[in-house]
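Summary of the model geometry
The lines below spell out each chain.
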Amino acid sequence: MSKILTESAYLSRYFRVLLLLALVVGLLALPYTLWWLYKSGDVGVERAVEAQSSGQFAVFGSGVSQDFVDYKLQLYAKVKPEIAAVGSSRVMQFRGAYFRKPFLNVGGTAGNLSVLRSTLDAMLAIHKPDAVIIGLDFWWFMPQWQPDPFKDEPPTSGSYNSGLESLKKPWAWLLEGKISVHDLIAPVLLESAGGFRAGRYGIMAQQTDDGFGPDGSWYYTAETTGQKRPFDYQFEDSLKQVRHGIKAFFRAKPIEGSRDAGGISSAHVDAFAEIYCRLKARGIATFVFISPLSVKVLDAIRQHEANYPHLFHLREALLARGIEVIDFTDPRTFGSSDCEFVDGFHGGEVTYARMLRDMADRWPALLTYVNMEKINATIRDWRGHALVFDQRLTDKPEIDFNNFNCPKRKP
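In this text, all values refer to a predicted model and were calculated from it rather than measured experimentally.

1. Considering the packing of helix 2 (residues 45-53) against helix 3 (residues 69-79)
- One way to put it is that helix 2 packs onto helix 3 with a least axis distance of 10 Å and a crossing angle of 35 degrees. Where helix 2 crosses over helix 3, the two elements pack in a sense that is right-handed. Seen from helix 2, the contacting residues are Val45, Glu46, Val49, Glu50, Gln52 and Ser53; seen from helix 3, they are Tyr71, Gln74, Leu75 and Lys78.
- Within the contact of helix 2 with helix 3, the residues separate by chemical class into 4 nonpolar, 3 polar and 3 charged.

Given below as structure tokens:
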């Protein structure tokens, strides 16, 4: 009996010690994780916005949330731009350097026509710009993407906070191999010893300089400089989507009673016309374009052209509603190429500089805002590049990251 009691007492003491250790670790881990999130800047939206709006070249690239609306609206409220670019991630390569007047890129905030409308409303509630540039994604104009384009849908809301989900992130990233032990102890290290860097907010910005710059534009630094393999290497993922007709590359279904060119959904074209007319009625100069695809992806889509009326007949449907629009679907029409694309449907910085030049040529009113000398110099010096070298961002040059035999210069 004594021996059994002794073993019971031992086991009880053993588990009490384990519980005590778990409590100690938990009590230490919680404040350390909070400190880690603060030092990395992953939840530091306000600090990033303050730094960026004060003139610093700071980069915000959080791994905690990829919902950018809160961040972009806070930056918009600080900058109060005279001209803004709005749309999905496919407008995020317009840089402030190519504008003469205060500019902000609010791209990455709209995934369909309803959210485009509500995001513009949220912007106008803060500040009315003199002009907006709107980039359209062709898949917004099909019922399979959004059944009701007139449905009220508020702007999405980010989760840049120190809640439970955020607290789990650093440890999950460590287990997944997305960060190293060195990254985990970075808060206790000096910057010179590999600690977290000033002017970088969020683990993506800290690790590879990926993120949003002070003008709200996105830097694809890791992929273009060879720090990581491109997600859409040689556009394989985009081409797979086209081949199977999935995601953004859904093939259109017949639309009953459609009165638009090529069978485009009347409701979706009308929904954008309503957005466009509301902006014009407020006295806001509105410049609209259809975002480009890479040559490889566009050529693959053309093999199924009849299934994509919402792409190939979109311009004429918009023009029929009185909407001035430039169709940049084919990059060859404005001198760009796959060497200047990040992936199958995201052009790089030089592609968007070319588009801005063409827009200013087409719409003289835009000349008031753009810096044509800077644009022309960029196109001349950085043709064939997706990223224009900027020492403030990184000292790493762009490489031929998709292995398309693209010549890349060293700065």
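2. Side note on unusual backbone geometry
- Even without being a glycine, lysine 80 presents a positive backbone phi close to 45 degrees.
- Positionally, lysine 80 belongs in the loop between helix 3 and strand 2 (83-87).
- In this structure lysine 80 comes out as partly exposed when scored by relative accessible area, which is 42%.
- The phi torsion at phenylalanine 235 lies on the positive side, around 65 degrees, for a residue other than glycine.
- Note that phenylalanine 235 resides in the loop between helix 8 (221-224) and helix 9 (236-244).

3. Some details on the sheet that holds strand 8 (residues 285-290)
- One open sheet accounts for 5 strands, arranged 3-2-4-8-9; its pairing is parallel. Of all strands in the sheet, those bounded by a partner on one side alone are strand 3 (103-107) and strand 9 (325-327). The mean inter-strand angle of the sheet, taken between neighbouring strand axes irrespective of direction, is 15 degrees.
- Examined bridge by bridge, strand 2 and strand 4 (residues 131-136) share 4 bridges and lie parallel to one another. In the sheet register, alanine 85 faces strand 4, and the bridge partner there is isoleucine 133.
- This element, helix 10 (residues 266-281), spans strand 4 and strand 8 of the sheet and lies at about 150 degrees to strand 8.
- In the packing of helix 14 (residues 349-362) onto the sheet, contacts are made with strand 4, strand 8 and strand 9, and the angle to strand 9 comes to roughly 135 degrees.

4. Digging into a nonpolar patch on the surface
- A cluster of nonpolar side chains, Trp35, Tyr38, Val181, Ile185 and Val188, forms an exposed patch at the surface whose accessible area comes to about 480 Å².
- Residue placement: isoleucine 185 occurs in the loop between helix 6 (181-184) and strand 5 (200-201).
- Under the relative-accessibility criterion, isoleucine 185 is labelled partly exposed at 35%.

5. Topic: the pairing of strand 4
- For strand 4, a buried count of 6 out of 6 residues is recorded, marking the element as mostly surrounded by other parts of the structure.
- Every second residue of strand 4 is oriented toward a common face, with Ala131, Ile133 and Gly135 on one face and Val132, Ile134 and Leu136 on the other, all of them buried.
- Taken together, the 6 bridges between strand 4 and strand 8 define a ladder with parallel strand orientation. Its bridge partner being in strand 8, isoleucine 134 is matched across the sheet by valine 288.

6. Here's the deal with the packing of aromatic side chains
- Across all of its chains, the model carries 26 aromatic pairs by this definition.
- An angle of 35 degrees between the planes, with centres 6.2 Å apart, marks the rings of phenylalanine 68 and tryptophan 218 as tilted. Here phenylalanine 68 is found in the loop between strand 1 (59-60) and helix 3, whereas its partner tryptophan 218 is found in strand 7 (residues 218-219), with 150 residues between them in sequence.
- Accessibility expressed as a relative area gives 8% for tryptophan 218, which makes it buried.
- With centroids separated by 6.5 Å and ring planes inclined at 75 degrees, the aromatic side chains of phenylalanine 141 and phenylalanine 272 adopt a geometry described as edge-to-face. Of this pair, phenylalanine 141 sits in the loop between strand 4 and helix 5 (164-176) while phenylalanine 272 sits in helix 10; the two residues are 131 residues apart in sequence, bridging distant segments of the chain. You'll find phenylalanine 141 and phenylalanine 272 in the same group, each marked buried.
- Here a set of aromatic residues connected by ring pairs shows up, and it is made of Phe60, Phe68, Tyr71, Tyr160, Phe212, Trp218 and Tyr220.

7. Quick notes on the pattern of salt bridges
- A full pass over the atoms with the stated rule returns 20 salt bridges.
- Across the pair glutamate 50 and lysine 78 runs a salt bridge whose closest N-O atoms are separated by 3.1 Å. In this pair, glutamate 50 sits in helix 2 while lysine 78 sits in helix 3, placing the two residues 28 residues apart along the sequence.
- A salt bridge links arginine 392 to aspartate 390; the shortest N-O distance between them is 2.8 Å.
- Judged by its relative accessible area of 54%, arginine 392 is exposed.
- Several salt bridges converge on common partners, so that one network encompasses Arg117, Asp121, Glu274 and Arg278.

8. Observations regarding the pairing of strand 8
- Along strand 8, 5 of the 6 residues are buried, which leaves the element largely enclosed by surrounding structure.
- In terms of strand pairing, strand 8 meets strand 9 through 3 bridges, oriented parallel. Across the sheet, the residue bridging to valine 288 is valine 325, located in strand 9.

9. Thoughts on helix 11 (residues 295-302)
- Among the residues making up helix 11, those that are buried are Val295, Val297, Leu298, Ala300 and Ile301.
- On the buried face of helix 11, the contacting elements are helix 9 and helix 12 (309-312).

Scoring rules and cut-offs
Residues numbered from 1 in each chain as written. Predicted model: local features only at pLDDT ≥ 70, side-chain atom pairs only at ≥ 80, totals over all residues. Heavy atoms only, no water. Axes fitted to C-alpha atoms, helices over the stretch in contact; angles between N-to-C directions. Helix = DSSP H or I, 4+ residues; strand = E, 2+ residues; numbered from the N terminus. Left-handed = near helix turned anticlockwise from the far one by under 90°. Contact = heavy atoms within 4.5 Å. Nonpolar A, V, L, I, M, F, W, Y, C, P; charged D, E, K, R; others polar. Buried < 20%, exposed > 50% of the residue type's maximum accessible area, 1.4 Å probe, protein only. Pairing = 2+ DSSP bridges. Patch = residues over 30% accessible without salt bridge, like charges linked within 9 Å, V, L, I, M, F, W, Y side chains within 5 Å. Areas by Shrake-Rupley, 256 points an atom, 1.4 Å probe, with all protein chains shown as cover. Salt bridge = Lys/Arg side-chain N within 4 Å of Asp/Glu carboxyl O. Phe/Tyr/Trp six-rings, centres within 6.5 Å; stacked < 30°, edge-to-face > 60°.

The values are spatial; any link to function lies outside them.
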